[in-house]
Amino acid sequence: MIQINSDSPITDILPFVKKWIKLIANGSVHDACALLDQPNSYGIVWTPELIRKLILEYLDLEDDRPLASVVSDPNLIPGQRDLEVGTFNHCSGYWFDYDVPLNGEWSDLTAQFEFYKGKDGYAVVLHDLHVL
């Protein structure tokens with residue numbers, strides 16, 4: 001769960017998403033998965049193996065390559081595409097799409113996050129990881 005300021009949600013969401021990707025870039029995919037609070041709306045539980053499989057398939061790489069060798073720290077990549085946070089009906093949460101930096105540059109592989117309001121904060125969900 002994270003806390004999100006409803007007056008400026010991107011100020012809380014963006015650092016969380018960057019931290020999540022940085023964990024993967026540093027080889028801590030298990031820790032990144034531990035930050036996800038629940039399965040997505042299709043019932044997918046994001047495991048390190050599933051995240052690894054999707055990223056390596058996107059890059060058309062062999063299964064034995066470590067993710068840390070291809071996922072880049074977003075704080076080290078210059079520039080950034082437009083950022084947009086959307087709200088769900090009745091302010092029950094937010095959605096946020098973020099391009100995953102790969103091999104030292106921004107890619108068109110997008111991590112789609114959702115944040116659902118609960119009594120102690122917002123539950124974090126990785127909705128999907130795909131090319132938009």
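Provided above is the structure to which this section pertains.
A. Up close: the sheet that holds strand β2 (residues 93–102). Taking strand neighbours across the sheet as the criterion, the four strands line up as β1-β2-β3-β4 in an open arrangement whose pairing is antiparallel. Both outer strands of the open sheet, β1 (85–87) and β4 (121–131), are each paired with one neighbouring strand and no more. Here the strands of the sheet are splayed against their neighbours by 25 degrees on average, with no regard to which way each runs. Packing of helix α1 (residues 10–25) onto the sheet brings it into contact with β1, β2, β3 (105–118) and β4, and relative to β2 it is tilted by some 40 degrees.

B. Region of interest: α1. Relative to the 22 Å expected for 16 residues at 1.5 Å per residue, α1 spans 22 Å between its end C-alpha atoms, a close match to the ideal helical length. For α1, the complete set of buried residues consists of I13, L14, F16, V17, K18, W20, I21, L23, I24 and A25. Those residues of α1 hidden inside the fold are in contact with α2 (29–34), α3 (48–59), β1, β2, β3 and β4.

C. The pairing of β3, seen in detail. Inspection of the sheet shows β2 paired to β3 by nine bridges, in the antiparallel sense. Within β3, the position partnered with Y98 by the bridge is A111. Taken together, β2 and the strand that follows it, β3, pair antiparallel across an intervening segment of two residues, in which N103 is found at a positive phi of about 50 degrees. Pairing analysis gives ten bridges linking β3 to β4, with the strands arranged antiparallel. The residue of β4 that forms the bridge with F113 is L126.

D. Quick peek at the environment of S92. Following the sequence through the fold, S92 ends up in the loop between β1 and β2. A relative accessible area of 34% places S92 in the partly exposed class. Beyond its immediate stretch of four places on either side in the chain, S92 contacts F115, Y116 and K117.

E. Layout of α3. For α3, which comprises twelve residues, the first-to-last C-alpha distance of 17 Å matches the rise-based estimate of 16 Å (1.5 Å per residue) to within 8%. Along α3, the positions that sit buried rather than exposed are P48, I51, I55 and L56. Buried residues in α3, looked at end-on, bunch into an arc of 120 degrees, giving them a common side. Residues of α3 that are buried sit in contact with α1, α2, β2, β3 and β4. Where α3 ends, the next residue or the one after it, D60, has phi of about 55 degrees, a positive value.

F. Broad picture of the nonpolar core. I51, F113 and F115 are the most contacted members of the largest nonpolar core, which totals 37 residues. Those elements that place two or more of their residues in this core are α1, α2, α3, β2, β3 and β4. Of all the elements, α1 adds the most residues to this core, at nine residues. Residues in contact with F113, not counting those within four places in the same chain, are F16, V17, W20, L36, Y94, W95, F96, V124, V125, L126 and H127.

G. Molecular detail of the side chain of D73. Its place among the elements puts D73 in the loop between α3 and β1. For D73, a relative accessible area of 12% puts it in the buried group. Within the local environment of D73, its side chain forms a polar contact with the backbone nitrogen of N75, the two atoms lying 2.8 Å apart. When sequence neighbours within four positions are dropped, the list of residues in contact with D73 reads K22, A25 and P101.

Cut-off values and rules
- Residues numbered from 1 in each chain as written.
- Predicted model: local features only at pLDDT ≥ 70, side-chain atom pairs only at ≥ 80, totals over all residues.
- Heavy atoms only, no water.
- Pairing = 2+ DSSP bridges.
- Helix = DSSP H or I, 4+ residues; strand = E, 2+ residues; numbered from the N terminus.
- Axes fitted to C-alpha atoms, helices over the stretch in contact; angles between N-to-C directions.
- Contact = heavy atoms within 4.5 Å.
- Expected span 1.5 Å × (residues − 1).
- Buried < 20%, exposed > 50% of the residue type's maximum accessible area, 1.4 Å probe, protein only.
- Arc of directions from axis to C-beta.
- Core = buried A, V, L, I, M, F, W, Y, C linked by side-chain atoms within 4.5 Å.
- Polar contact = N/O pair within 3.5 Å; in protein donor to acceptor, adjacent residues only side chain to side chain.

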